[in-house]
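Remarks on the overall topology
Here is what each chain is made of, one letter per residue.
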Amino acid sequence: EITIVGLQASGKTSLVNVIGTGQWSEDVVPTVAFHFRKVRKGNVTMKIWDLAGQPRYRSIWERYCNGVDAVVFVVDSADKERFETVRFEVHQLLAQPNLKGVPLLVLGNKNDIEGHATVNELIKALQLDKITNRPVSVRPMEHGVVNEILTTNFPPVLLVFHEESTQPVSSAVHSVTSTSYPSYFQGHCSPVARWSKSLKLYHFLILIVSCILYHIPCTSFLFTALGIGFLGYREHTRNKCNTLNRCPCCPRLRPLSLDLE
Ligand SMILES: Nc1nc2c(ncn2[C@@H]2O[C@H](COP(=O)(O)OP(=O)(O)OP(=O)(O)O)[C@@H](O)[C@H]2O)c(=O)[nH]1
Ligand SMILES: [Mg+2]
């Protein structure tokens, strides 16, 4: 799940269209509020939140960035006059507590336009080198062609695009299996978090009520509570929580490398 943000007319919707259809189209209208799109590539379903970039919609960005695997910030790299605004918006967004640790991918779009900023200029103008609390990647892009962009070192989305392909998105797609996925992450879900979150209050309520009804002594109560906890933990581990499908209670898994050019 990714969220695409950026100032108006930076090319967010154009990018999403390319990801979704593999076709570049000039035919885009400014987004109102947001546009949600689900794209299936191989074994992976991407959920993409394409947010509107006009000033009146920027206050909702944070809400839609909450809990996603990556935030993609699209910048019109030919519109240098607005870099200051972009810098402000990037840092303002990343300062939100909900976005702690979420990886950031900055795409310098419209690279086909003469006089566009280079990746290094973008890093400097947007002060991306000051972001130290999350993985950051900056890539150039034009006409929504994302072949080289959404690749290896940058996590989730991005595995669906083949690293060395020079083809546009649709043909660059390859299937991702759960075995190729975990190598992008280090760390694992905390067993304590899993265990405690899998215990629900109602488990204890049922237990207390049945203890009272059947006059069960304290030690049995304890053993049964532990048993329920263990079963809950196993259930949680098996069904809900792995590197592809993290559960909300587990700490965010970290991508392995920081790829700031
Ligand atoms: N030259 C050039 N034009 C582009 C590129 N990407 C997008 N555009 C054009 O930029 C304009 C705005 O594109 P959109 O995709 O609607 O931009 P957006 O970021 O979704 O805008 P909002 O929805 O208003 O936030 C369109 O006319 C696109 O055709 C690019 O790489 N190069
Ligand atoms: Mg749009």
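Refer to the structure printed above.
The notes below deal with the structure included here. (Residues numbered from 1 in each chain as written. Chains lettered and ligands numbered in written order. Predicted model: local features only at pLDDT ≥ 70, side-chain atom pairs only at ≥ 80, totals over all residues. Heavy atoms only, no water.)

1. A look at the site of ligand 1
The following threshold applies: In these notes, residues near a molecule or strand are those with any non-hydrogen atom within 4 Å of it. Throughout this description, a polar contact denotes any pair of N or O atoms lying within 3.5 Å of each other; where both atoms belong to protein, one of them has to be capable of donating a hydrogen while the other can accept it, and for residues adjacent in sequence the pair is counted only when both atoms sit in side chains. Computed with a 1.4 Å probe, the accessible areas rest on the Shrake-Rupley method; for each residue, only the protein chains presented here act as cover. A run of H or I in DSSP becomes a helix once it reaches four residues, and a run of E becomes a strand once it reaches two; helices and strands are each numbered from the N terminus. Gly is put with the polar residues, along with every residue not named as nonpolar or charged; the nonpolar set is Ala, Val, Leu, Ile, Met, Phe, Trp, Tyr, Cys and Pro, and the charged set is Asp, Glu, Lys and Arg.
The immediate surroundings of ligand 1 are formed by 20 residues, with Lys 12, Ser 14, Thr 31, Gly 53 and His 143 found nearest. Separating an oxygen atom of ligand 1 from a backbone N or O atom of His 143 is a distance of 2.4 Å. Contact with the protein chains covers 86% of the free accessible surface of ligand 1, which is 650 Å². Among the elements that make up the shell around ligand 1, the one with the highest residue count is helix α1 (residues 12-21) (3 residues). Residue composition of the shell around ligand 1, by class: 7 nonpolar, 9 polar and 4 charged.

2. Considerations on a nonpolar patch on the surface
Worth spelling out the cut-off: Grouping into patches uses exposed residues only, defined as over 30% relative accessible area, and leaves out salt-bridged ones; the cut-off is 9 Å for like charges and 5 Å for nonpolar side chains (Val, Leu, Ile, Met, Phe, Trp, Tyr). Any Lys or Arg side-chain nitrogen found within 4 Å of a carboxyl oxygen on Asp or Glu counts as a salt bridge. Partly exposed residues are those whose accessible area sits between 20% and 50% of the maximum for their type, while under 20% is buried and over 50% is exposed, using a 1.4 Å probe and protein chains only.
Together, Leu 201, Tyr 202, Leu 205, Ile 206, Ile 208 and Ile 212 make up a nonpolar patch on the protein surface, roughly 650 Å² of accessible area in all. Within the fold, Leu 205 resides in helix α7 (residues 201-214). We classify Leu 205 as partly exposed; its relative accessible area is 47%.

3. A word on α7
Cut-off, in case you're wondering: Multiplying 1.5 Å by the helix residue count minus one yields the expected span of that helix. Throughout, the arc means the angular range of directions from the helix axis out to the C-beta atoms.
With 14 residues, α7 ought to run about 20 Å at 1.5 Å a step, and its terminal C-alpha atoms sit 20 Å apart, in line with that. Where α7 is concerned, the buried positions are His 203, Leu 207 and Cys 211. The buried residues of α7 occupy one face: seen down the axis, they fall within an arc of 65 degrees. Those residues of α7 that are exposed and angled more than 90 degrees off the buried face are Leu 201, Ile 206, Ile 212 and Leu 213. Of the residues trailing α7, His 215 is marked for its positive phi of about 50 degrees.

4. Focus on the coordination of the magnesium ion (ligand 2)
Six octahedrally arranged donors around a metal ideally form angles of 90 or 180 degrees; four tetrahedrally arranged donors ideally form angles of 109.5 degrees. Our working definition: Metal donors were taken as nitrogen, oxygen and sulfur atoms no farther than 2.8 Å from the ion, or 3.2 Å where the ion is Na, K or Ca. Water is excluded, so coordination may look unfinished.
Donor atoms from the polypeptide that bind the magnesium ion (ligand 2) are Thr 13 (OG1) and Thr 31 (OG1), placed at 1.9 to 2.0 Å. A residue pair is termed long-range when its members are at least 10 positions apart, and Thr 13 in helix α1 and Thr 31 in the loop between α1 and β2 (34-41) qualify at 18 residues. The buried category is assigned to Thr 13, whose relative accessible area is 16%. When its relative accessible area of 15% is taken as the criterion, Thr 31 is described as buried.

5. Focus: the nonpolar core
Applicable threshold: Note on terminology: a nonpolar core comprises buried Ala, Val, Leu, Ile, Met, Phe, Trp, Tyr and Cys residues joined through side-chain atoms within 4.5 Å. Only heavy atoms matter for contacts: two residues are in contact if any of them lie within 4.5 Å across the pair.
If you look at the biggest cluster of nonpolar residues, it comprises 30 residues, and the most contacted ones within it are Val 71, Phe 73, Leu 104 and Leu 128. With 5 residues, helix α3 (residues 83-94) is the single largest residue contributor to this core. Contact partners of Phe 73, with chain neighbours within four places excluded, come to Val 5, Gly 6, Leu 7, Trp 61, Val 86, Glu 89, Val 90, Leu 104, Leu 105, Val 106 and Leu 107. By size, the runner-up hydrophobic cluster in this structure holds 14 residues, among which are Leu 15, Val 16, Val 39 and Leu 105.

6. Considering the side chain of Glu 89
Relative to the elements of secondary structure, Glu 89 occurs in helix α3. Given the relative accessible area of 10%, Glu 89 is considered buried. Side-chain polar atoms of Glu 89 contact the side chain of Arg 58, separated by 3.2 Å. Residue contacts for Glu 89: discarding those within four places in its chain leaves Leu 7, Arg 58, Trp 61 and Phe 73.

7. A look at the pairing of strand β4 (residues 70-76)
Under the convention used in this document: DSSP bridges decide pairing: two strands pair if at least two such bridges lie between them.
Taking burial as the measure, the 7 residues of β4 include 7 buried ones, the bulk of the element. Here β4 shows no split at all, with Ala 70, Val 72, Val 74 and Asp 76 on one side and Val 71, Phe 73 and Val 75 on the other all buried. Two strands pair when backbone bridges link them, and strand β1 (residues 2-5) and β4 are joined in this way by 4 bridges, in the parallel orientation. Within β4, the residue paired with Thr 3 across the bridge is Val 71. Where β4 meets strand β5 (residues 104-109), 6 bridges bridge the pair, whose relative direction is parallel. Opposite Val 71, over in β5, you have Leu 104 as the bridge partner.

8. Re unusual backbone geometry
Despite not being glycine, Ala 33 shows a phi value in the positive range, around 60 degrees. Considering the arrangement of structural elements, one finds Ala 33 in the loop between α1 and β2. Here the phi dihedral of Gln 127 falls at roughly 50 degrees; this positive angle occurs in a residue that is not glycine. Within the secondary structure layout, Gln 127 lies in the loop between α4 (119-125) and β6 (136-140). Using a relative accessible area of 26% as the deciding quantity, one classes Gln 127 as partly exposed.

9. Some words on the pattern of salt bridges
Summed over the entire model, instances satisfying the criterion amount to 4 salt bridges. Close ionic contact of Arg 58 with Glu 89 constitutes a salt bridge, the shortest N to O distance being 3.2 Å. Here Arg 58 is found in the loop between β3 (44-51) and α2 (61-65), whereas its partner Glu 89 is found in helix α3, with 31 residues between them in sequence. Asp 79 is the partner of Arg 82 in a salt bridge, and the nearest nitrogen-oxygen pair spans 2.7 Å. Here Arg 82 falls in the partly exposed class, since its relative accessible area comes to 24%. Judged by relative accessible area, Asp 79 falls into the partly exposed class, the value being 21%.

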